[in-house]
Amino acid sequence: MFFFSLLLLSLWIKASGFRGTVADFPDFDANGDAEALYNAMKGFGSDKEAILDLVTSRSNGQRQEIRSAYKSLYGKCSLLFLQYPNLINQINLWRVLFLFDSGTDEKCLIEILASRTNQQIHDLVAAYNDAYGRDIEQDIIGDTSGHFKKMLVVLLQGTREDDGVVHEEVIEEDAQALFAAGEEQWGTDESIFIMLLGNRSVTHLQLVFDEYQKIAEKSIEDSIKSELSGDFERLMLAVVQCIRSRPMFFAKRLYKSMKGLGTADNTLIRIMISRSEIDMLDIRECFRLRYEKSLHNMIQDDTSGEYKRTLLKLCGGDDDIAGEFFPEAAQIAYKMWEISAMTKVQLRGTVHPISDFDPGSDAQDLRKAMKGFGTDEDTIIEIVAKRSNEQRQEIRHVFKSILGRFCSKYCNGAGTDEHALIEILVTRSNQEIQDMCAAYKKAFKKNLEDAIRSDTSGHFCRILVSLAQVIIYSRNLQNLTDGIFLIVFQEFVRCSNKDIEQIIKKEMSGDIKNAMYAIVRSVKNQPSYLADRLYKAMKGLGTDDRALIRIMVSRSEIDLFNIRKEFKDTHDTSLHDFIQVEALVVSVALLVSRCGTIV
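Residues numbered from 1 in each chain as written. Predicted model: local features only at pLDDT ≥ 70, side-chain atom pairs only at ≥ 80, totals over all residues. Heavy atoms only, no water.

Identification of the chain as Annexin from Astyanax mexicanus is taken from an unreviewed UniProt entry. Quoted verbatim from the Sequence similarities (unreviewed entry) field of UniProt, the annotation for the chain is "Belongs to the annexin family." Database annotation for the chain, UniProt heading Function (unreviewed entry): "May associate with CD21. May regulate the release of Ca(2+) from intracellular stores." (UniProt positions renumbered as here; feature names shortened; annotations may be inferred.)

Observations regarding the overall build of the chain
A count of helices and strands for the chain gives 34 helices and zero strands. Among the 599 residues that make up the chain, the fraction classed as buried is 48%. Pairs at least 24 residues apart make up 72% of the contacts formed inside the chain by residues separated by at least 6 positions. When the accessible surface of the chain is totalled, it reaches about 28700 Å², and 51% of it is carbon and sulfur. (Helix = DSSP H or I, 4+ residues; strand = E, 2+ residues; numbered from the N terminus. Buried < 20%, exposed > 50% of the residue type's maximum accessible area, 1.4 Å probe, protein only. Contact = heavy atoms within 4.5 Å. Areas by Shrake-Rupley, 256 points an atom, 1.4 Å probe, with all protein chains shown as cover.)

Quick word on the packing of helix α15 (residues 246-258) against helix α18 (residues 295-302)
The geometry of α15 relative to α18 is characterised by a closest axis approach of 10 Å and an angle of 20° between their N-to-C directions. As the angle between them shows, α15 and α18 are arranged roughly parallel. Handedness of the α15/α18 crossing: left-handed. Of α18, the residues touching α15 (which contributes L254, Y255 and M258) are L295, M298, I299 and D302. Residues belonging to the contact of α15 with α18 are distributed by class as follows: six nonpolar, no polar and one charged. (Axes fitted to C-alpha atoms, helices over the stretch in contact; angles between N-to-C directions. Parallel < 35°, antiparallel > 145°, perpendicular 65-115°, else oblique. Left-handed = near helix turned anticlockwise from the far one by under 90°. Nonpolar A, V, L, I, M, F, W, Y, C, P; charged D, E, K, R; others polar.)

Remarks on the side chain of E233
Within the fold, E233 resides in helix α14 (residues 230-244). It is K568 that comes nearest to the buried, bridge-free E233 among opposite-charge side chains, at 5.6 Å. (Lys, Arg positive; Asp, Glu negative; His and termini not counted. Salt bridge = Lys/Arg side-chain N within 4 Å of Asp/Glu carboxyl O.)

Digging into the pattern of salt bridges
Taken as a whole, this structure holds 23 salt bridges when the rule is applied. In this structure, K313 and D53 form a salt bridge, with 3.0 Å as the shortest nitrogen-oxygen distance. Placement of K313 in helix α19 (residues 305-315) and of D53 in helix α3 (residues 48-55) is noted, with a sequence separation of 260 residues between them. On the accessibility criterion, K313 (37% relative accessible area) is partly exposed.

Quick look at the confidence of the model for the chain
This prediction gives the chain a mean pLDDT of 78; 77% of its residues lie at or above 70. The element-level mean pLDDT for the chain is lowest in helix α1 (residues 3-16), coming to 41, with helix α9 (residues 146-156) highest at 95. Note that pLDDT drops below 50 for residues 96-103; the model gives that stretch 14 contacts with residues more than four away or on any other chain. Per-residue pLDDT stays below 50 along residues 406-416; that stretch engages in 16 contacts with residues further than four places along the chain or on separate chains. (pLDDT = per-residue confidence, 0-100.)

With respect to α3
All buried positions along α3 are accounted for by I51, L52, L54 and V55. One side of α3 carries all its buried residues, which in axial view fall inside an arc of 165°. Buried-residue contacts for α3 involve α2 (30-41), α4 (60-74) and α19. (Arc of directions from axis to C-beta.)

As structure tokens, then:
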């Protein structure tokens, strides 16, 4: 969904000039600033605020003048923030290659070499040689191996074609070559991937990726994930992401540096300093579009003290305050909603009806597994996690006829709450809601609509009742209705220059905010919304077992494969692995079985 919009982003950035958050300070006086720094640092303690305000409000060029002036006046200068960005890069590369006994920090190496322009690469190579008297290429060759090493060496040459160079006559040929080198044959010809992704221009490759999608019926990223592995896979994915959009690549890196326990400080500092004069505004907007949270707020929540104040200064502002887009970002968001309306995603489940199904045999096996001392959980999980919902209901009826009762928690409902009501009603199709209403009336002898009215109130009640009062459309007509919603959200951006999701979060509260936000998220990308629900069900202290089980069971035959993909794209770990770590022991085996193959 982001791909075409990110192509537009790269074009608008070039036309829009400066997109950083730190610019040249007017009426600049290098000697005056050097003296101010000296006074702020001398004596007992230091004036941290004065130092911070000064160094975060001067551009890199001005900081170098301050550095020279300081050294000539006082004989030394040790502030890292006054160093050249290229020096910061090469210090990180030296740290990567030589200073850690635990081996190479491949992620840092990948980030730096995959994201820099030709000129930045040339400057980096020269700075590395000046600082250490060594050839960075030889150091990398000595510390890496295989196809990973070959691609790094290609990137180090800094010979990628200029962005404006497009070879229209070979776009389809290049796409076909990538397809033939991977998906179309047994094994992978890595040299084709290295040659094309390491040398063609950004603009040319963006068009090649679009053509590849048509040929392979999957994205180039998905092919790389299935055809390559290890550090080479991660490097090639980083190259593709930077070709799609460098700001989005850095937004993802910043998010991953802060999410979860602890903070990857080296990554966070490196990106915030090195991008503050290049594209921090675009990184901020990509961050908010991707994670529905401002970079400013995430830094505020995840760091502290002067470190936090420095990072916030470099960030330059909080995009959650107004919910308004920068002019370029508003156009991108507009295009993204348009693409959402046009995109047709094939939904894929992970559980399918088994052949040679025998409900009587399954019921007997379940009975044996549950009687006597202890419970044979492996047998229970093997049966209930590998049968479709319809097959489980047949087992339920047979089991009930054998024992006169049925109490397996794996086939009964898991209760409800406001979050469950929202999730269920905003993600089910019209037909599913109709079936649910009928089943509810049969089970409890009253209408679901009446039950909602008796248990909720106000605008929240009205929106839930509206969702429950479905009009049965044909599938094509319902798709058209969803498309109309997307167009409405798109036009909202054009008319207001604001983000509908941010407006809901800012102007509403409580359950009605949660319901409206869920509707927008679900219309925009339902698998992504459900992936977020799964993540929130497991993160932090404790696990929301009901939400976790409900989503895993209810979506296993519909779109759990798509949910898995969105989960990994957003959280950089597979849903399978996250369940293994976060879910309660009694539920892990069942949930992992429902999840299916690791992705």
